[in-house]
Amino acid sequence: MRMVKKYVVTPWEVSGDVDYSKIIKEFGVKPLDDKILARLKKHTGEVHYFLKRNIFFAHMYLDNILDELEKGNNFYLYTGRAPSGPVHLGHLIPWIFTKWLQDKFKVNLLFQIPDEEKFLFNKENTLEAIDYWTKDNILDIIAMGFDHKKTKIFRDTEYAGHMYKYACMAAKKITFSTIKSTFGLNDSHNIGLIFYTAMQSVPAFLPTVMEKNKTRVLIPCAIDQDVHFRLTRDVAESLGFPKPATILCRFLPALSYGGKMSSSIANAAIWTTDGPNAVKGKINKYAFSGGRDTLEEHRKKGGNPDIDVSYQWLTFFEENDRKLRKIYDDYKSGKLLSGELKQILIDKLNAFLEVHQKNREKAKNQVDKFILKD
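Since the structure is predicted, the reported quantities are computational estimates derived from the model, not experimental observations. (Residues numbered from 1 in each chain as written. Predicted model: local features only at pLDDT ≥ 70, side-chain atom pairs only at ≥ 80, totals over all residues. Heavy atoms only, no water.)

**Q** Please clarify how the overall build of the protein should be interpreted in this entry.
**A** From N to C terminus, the protein includes 17 helices and 10 strands. By the compact-globule yardstick of 21 Å for 374 residues, the protein fits well, its C-alpha radius of gyration being 21 Å. Along the first, second and third principal axes, the C-alpha atoms of the protein reach 65 × 50 × 45 Å. Of all 374 residues assigned to the protein, the portion counted as buried reaches 53%. Taking the contacts inside the protein whose residues are at least 6 apart along the sequence as the reference set, 77% of them involve residues at least 24 apart. Summed over all atoms, the accessible surface of the protein reaches about 17700 Å², with 51% contributed by carbon and sulfur. (Helix = DSSP H or I, 4+ residues; strand = E, 2+ residues; numbered from the N terminus. Rg over C-alpha atoms; globule rule 2.2 N^0.38 Å. Buried < 20%, exposed > 50% of the residue type's maximum accessible area, 1.4 Å probe, protein only. Contact = heavy atoms within 4.5 Å. Areas by Shrake-Rupley, 256 points an atom, 1.4 Å probe, with all protein chains shown as cover.)

Take a look at the structure:
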């Protein structure tokens, strides 16, 4: 029997069984309801399966983005990656959706690499290690297929000259007590952590600076990151910038326990550089099963896809709704066994990674097309 674990969701820790209906109220965000999805579909022509399956489930100010579009005004996308290790499949979920949005709306994307964050927040990290992982992670970003003519990737430590003025403007509006209470900081934390969220705010302002006209920003990200942009929204208009909008996703579950896939627990993560045997081994060994204890019992009573991690992962990676529904029904009826379900996931992930890894190799010659520096 699977025990429900009390959840924790912060920008630096996600654990337990996250209740997304509760988190909407706790974080003060809005659900992505049928009305706003219908408005979005008018512009995109279709509803991405992430939206249909409630993987992206909440937002703030997406309606304002749509209002501007209906007036003939465009917007920018903004997302990011804090580099402290290799990229795993959970990191790709917001990027997959960001790529879809860029393709549908033909808009510019600012991709922030807050390389100072993991250095400041982890005593063990060195600037040299962060530099290595930054360069490595950028290959995964480019491998997603973003339009290089409309996508700019920048590291905070390399683009700080352009960012610092606007970070100072934000920082002057945010009190020390607000930062301490919002992020749980205390007197033992280093002073870099206090200033960091001001740098996180800057890409929400840059489109207005670049376009020399008030320009809205839509930020696809996981729900744990919305707290940074809550603070940005609090100060944006007083600084002359529109409030940034967010569209927020659930976490790709860890293979073997509650919470999201974690970079710090090897058996809970599948990296973008994992080969077919590594993927197969991790899924077979660690993926939590919703199957019965015996073959006979499983055939008779069926499995539980709602708690089976292999099925949950397929909701993120299997685009075909009919295929996914058949897998669900076959597993629940007992027709499909746990091992067979795992194999479906293994095949799906390995096919995905084969393409991604080829694109990742090609990305090594494309980096200069994307990078912004001072």
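**Q** Quick question: what am I supposed to make of the state of the cysteines here?
**A** Where two cysteines share a covalent bond between their sulfur atoms, that bond is called a disulfide. Taken as a whole and judged by the stated rule, the model has 0 disulfides. In this structure C221 is a free cysteine whose sulfur lies 7.2 Å from that of C249, the closest cysteine sulfur available. Exposure remark for C221: the relative accessible area of 6% places this residue in the buried category. (Disulfide = S-S within 2.5 Å.)

**Q** Mind showing me how you'd approach the side chain of H228 here?
**A** Mapping H228 onto the fold places it in helix 11 (residues 226-236). Judged by relative accessible area, which is 1%, H228 ranks as buried. Among the polar contacts made by the side chain of H228, one reaches the side chain of T197 at a distance of 2.9 Å. (Polar contact = N/O pair within 3.5 Å; in protein donor to acceptor, adjacent residues only side chain to side chain.)

**Q** Help me out: how do you make sense of the environment of L248 in this one?
**A** Relative to the helices and strands, L248 is located in strand 9 (residues 245-249). Accessibility expressed as a relative area gives 0% for L248, which makes it buried. With 207 residues separating them along the chain, L248 and K41 place their C-alpha atoms 17 Å apart. When sequence neighbours within four positions are dropped, the list of residues in contact with L248 reads V29, I55, F56, F57, A58, H59, C221, A222, I223 and D226.

**Q** Just to check I follow, could you spell out the packing of aromatic side chains for this structure?
**A** The geometry of an aromatic ring pair is captured by two quantities: the separation of the ring centres and the angle between the planes. In the structure shown here, the tally under the stated rule is 19 aromatic pairs. Where F205 meets F241, the ring centres are 4.4 Å apart and the plane angle is 15°; that geometry is what we call stacked. Here F205 is found in helix 10 (residues 192-211), whereas its partner F241 is found in the loop between helix 11 and strand 9, with 36 residues between them in sequence. With respect to burial, F205 and F241 carry one shared label: buried. Every member of this aromatic cluster is reached through a ring pair, and the members are Y49, F50, F56, F97 and W100. (Phe/Tyr/Trp six-rings, centres within 6.5 Å; stacked < 30°, edge-to-face > 60°.)

**Q** Looking at this structure, I do not really get the sheet that holds strand 5 (residues 75-80). What am I missing?
**A** Strand pairing in a sheet relies on backbone hydrogen bonds. The paired strands run either parallel or antiparallel. Strand order in the open sheet formed by 8 strands is 3-4-9-8-5-6-7-10, and the pairing between neighbours is mixed. Pairing within the sheet leaves two strands with one partner each, and these edge strands are strand 3 (30-31) and strand 10 (371-372). Sitting on the sheet, helix 7 (residues 127-143) is in contact with strand 6 (109-113), strand 7 (151-155) and strand 10, with an inclination near 170° to strand 7. Relative to strand 9, helix 11 is tilted by about 165°, and along the sheet it contacts strand 4 (56-60), strand 5, strand 8 (216-222) and strand 9. (Pairing = 2+ DSSP bridges. Axes fitted to C-alpha atoms, helices over the stretch in contact; angles between N-to-C directions.)

**Q** Please clarify how the pairing of strand 9 should be interpreted in this entry.
**A** Successive side chains on a regular strand alternate, one facing one side of the sheet and the next facing the other. Of all 5 residues making up strand 9, 5 are buried, and the element is well covered by its neighbours. With burial as the criterion, each face of strand 9 is covered, one bearing A245, I247 and C249 and the other bearing T246 and L248. Sheet topology places strand 4 next to strand 9; 4 bridges connect them, and they run antiparallel. Bridging from a neighbouring strand, A58 pairs with L248 of strand 9. Taken together, the 5 bridges between strand 8 and strand 9 define a ladder with parallel strand orientation. The residue bridging P220 from the neighbouring strand is I247, located in strand 9. Handedness of the crossover joining strand 8 and strand 9 through helix 11: right-handed. (Right-handed = clockwise from strand over helix to strand, strands pointing away.)

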